Amino acid sequence: MSDTPILIAGAGAIGSIVGGMLHLAGHDVTLLGRRAHMGAIARSGLRITGLLGERTVRGLKVANDPAQLNNRYGVILCAAKSYDTDSIADALADKLADDGAIVSMQNGLGNIESLSGRFGARRVLGARVIFGAEIPAPGHSHVTVFAQPLAVGPAPALHREHTARLAARARNLAAMIDAAGIPTVAADDIMPVIWTKLLYNVALNPLGALLRLHYGALAGDPDLRPILDSAIDEAFAVARALEVALPFADADAYRQLFYGQLIPTTFDHRPTMMHDLQVRGRTEIGTLNGKVVELAERLGLDAPTNRMLTRMIRAAERARQVALREEQR
């Protein structure tokens, strides 16, 4: 795998960091991302700062449009926004090698299923990314928080006949990324890991985006804490009904981790959803709280807190889109 071409599809802050570190480790990496960021990297290199150290990465291949790609890749790391999954999958349909693997490094639920529908289940892995980063300026990615190692693995419930092969591929990928300086582990089943992150996201992201507060402030507010707890309870109940093998006896056990370890580690962090809402007027709420509501309804459960948060974010998106259009006049 050391000489296979790698594509980072959706090379924003996190994707750029992963791609840059892999390039420094000797891999053939191409970044596919927004024009301004890619242009700055092409001119002056990628500057990486923050918790993974400081370095400037030169010599990266970059593209701002899939039409500019003329290679086939053994590995595609998909870091695109979840609402762009279908469109990026269509654009890259002929860019993945027949024996290659595409890895969803995205937030929320449904991305692995979407990629499997386009690329075939035998070529799709999932990943949990729980480190935070931002782009202070084009060409610069800054790691703000690193809560837990990146995790890569198959989703056996979605493609049982390919699980053994995909698990082996996940181990190789995890070792490759870990050796590049980004702590990474392999998981035999990525879905419990993704669901564990979802419990974290559904509680913090919408309220953080709406109130523009960091995670520590959300968890410390006596009026907000019951809302966090309720969002977690509802998502946990859905996961249990789906028989996801969460590594917690109950929601209270998860909350011990949430308040005792995860919040302190990411205390000053603000959700990417806040930035997305402000800059684009569009967020990943549909694959987070919205997906909890969708699954709850399918299972005959109720998720009123997640429904409320979803509706509030969607209303905020509409309001922000109006404001952005007015600003552009």
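Up top is the structure.
In this text, all values refer to a predicted model and were calculated from it rather than measured experimentally.

Enquirer: What is the right way to read helix α5 (residues 163–179) from this model?
Expert: In an α-helix, one full turn covers 3.6 residues, which means residues spaced three or four apart are oriented alike. Helix length check: α5 (17 residues) gives 24 Å between terminal C-alpha atoms against 24 Å at 1.5 Å per residue, within 8%. When we look at burial in α5, the residues that qualify are Thr-163, Leu-166, Ala-167, Arg-169, Ala-170, Leu-173, Ala-174, Met-176 and Ile-177. Gly-181 occupies a position one or two residues after α5 and carries a positive phi of about 105 degrees.

Enquirer: What should I look at first to understand the nonpolar core in this one?
Expert: Side chains that are nonpolar tend, in soluble globular proteins, to be buried together. Counting residues in each nonpolar core, the largest one holds 71 residues, and the members touching the most others are Leu-92, Ile-190, Trp-195, Leu-204, Tyr-254 and Phe-258. Top element by residues in this core is helix α6 (residues 190–211). It accounts for 13 residues. Discounting chain neighbours no more than four positions away, the residues touching Ile-190 are Ile-112, Gly-126, Ala-127, Arg-128, Ala-151, Val-152, Gly-153, Pro-154 and Ala-155. Counting 38 residues, the second largest nonpolar core, distinct from the first, contains Ala-11, Ala-13, Ile-177 and Ile-182.

Enquirer: Help me understand empty space enclosed by the protein in this model?
Expert: A probe matching the size of a water molecule, rolled over the atoms, marks out where space remains unfilled. For the structure shown, the criterion picks out three cavities of 30 Å³ or more. The computed volume of the largest cavity comes to approximately 70 Å³. Lining the largest cavity, in full, are Ser-104, Gln-106, Gly-108, Leu-109, Gly-110, Asn-111, Ile-112, Glu-113, Gly-126, Ala-127, Met-191 and Ile-194. Elements that contribute at least two residues to the lining of the largest cavity include exactly α4 (111–119), β8 (124–128) and α6. If one sorts the elements of the lining of the largest cavity by residue count, α4 sits on top with three residues. For the lining of the largest cavity, the class distribution of residues is five nonpolar, six polar and one charged. The space that makes up the second largest cavity amounts to roughly 60 Å³. Every residue lining the second largest cavity is listed: Gln-106, Gly-108, Ala-127, Arg-128, Val-129, Ile-194, Lys-197, Leu-198, Asn-201 and Leu-288. In terms of residues, the lining of the second largest cavity owes the most to one element, α6, which gives four residues.

Enquirer: Just to check I follow, could you spell out the packing of aromatic side chains for this structure?
Expert: Geometry of an aromatic ring pair is reported as the spacing of the ring centres plus the angle between the planes. As enumerated under the stated definition, the model contains six aromatic pairs in all. On the basis of an interplanar angle of 75 degrees and a centroid distance of 6.1 Å, the ring pair of Tyr-200 and Phe-258 is categorised as edge-to-face. Of this pair, Tyr-200 sits in helix α6 while Phe-258 sits in helix α9 (residues 251–265); the two residues are 58 residues apart in sequence, bridging distant segments of the chain. Given the relative accessible area of 5%, Tyr-200 is considered buried. Take Phe-258: its relative accessible area is 0%, and that puts it in the buried class. Relative to Tyr-259, the ring of Phe-258 has its centre 4.8 Å away and its plane inclined at 80 degrees; by these criteria the two rings are edge-to-face. Here Phe-258 and Tyr-259 have matching classes, each one buried. Aromatic rings pair up to connect Tyr-200, Tyr-215, Phe-248, Tyr-254, Phe-258 and Tyr-259 into one cluster.

The rules behind the values
Residues numbered from 1 in each chain as written. Predicted model: local features only at pLDDT ≥ 70, side-chain atom pairs only at ≥ 80, totals over all residues. Heavy atoms only, no water. Helix = DSSP H or I, 4+ residues; strand = E, 2+ residues; numbered from the N terminus. Expected span 1.5 Å × (residues − 1). Buried < 20%, exposed > 50% of the residue type's maximum accessible area, 1.4 Å probe, protein only. Core = buried A, V, L, I, M, F, W, Y, C linked by side-chain atoms within 4.5 Å. Contact = heavy atoms within 4.5 Å. 1 Å grid on protein atoms, 1.4 Å probe; cavity = no way out; pocket = protein on both sides within 12 Å on 5 of 7 lines; lining within 4 Å. Points joined across faces, edges and corners; volume = space filled by probe spheres on them. Nonpolar A, V, L, I, M, F, W, Y, C, P; charged D, E, K, R; others polar. Phe/Tyr/Trp six-rings, centres within 6.5 Å; stacked < 30°, edge-to-face > 60°.

All we've got here are geometric facts, nothing functional implied.
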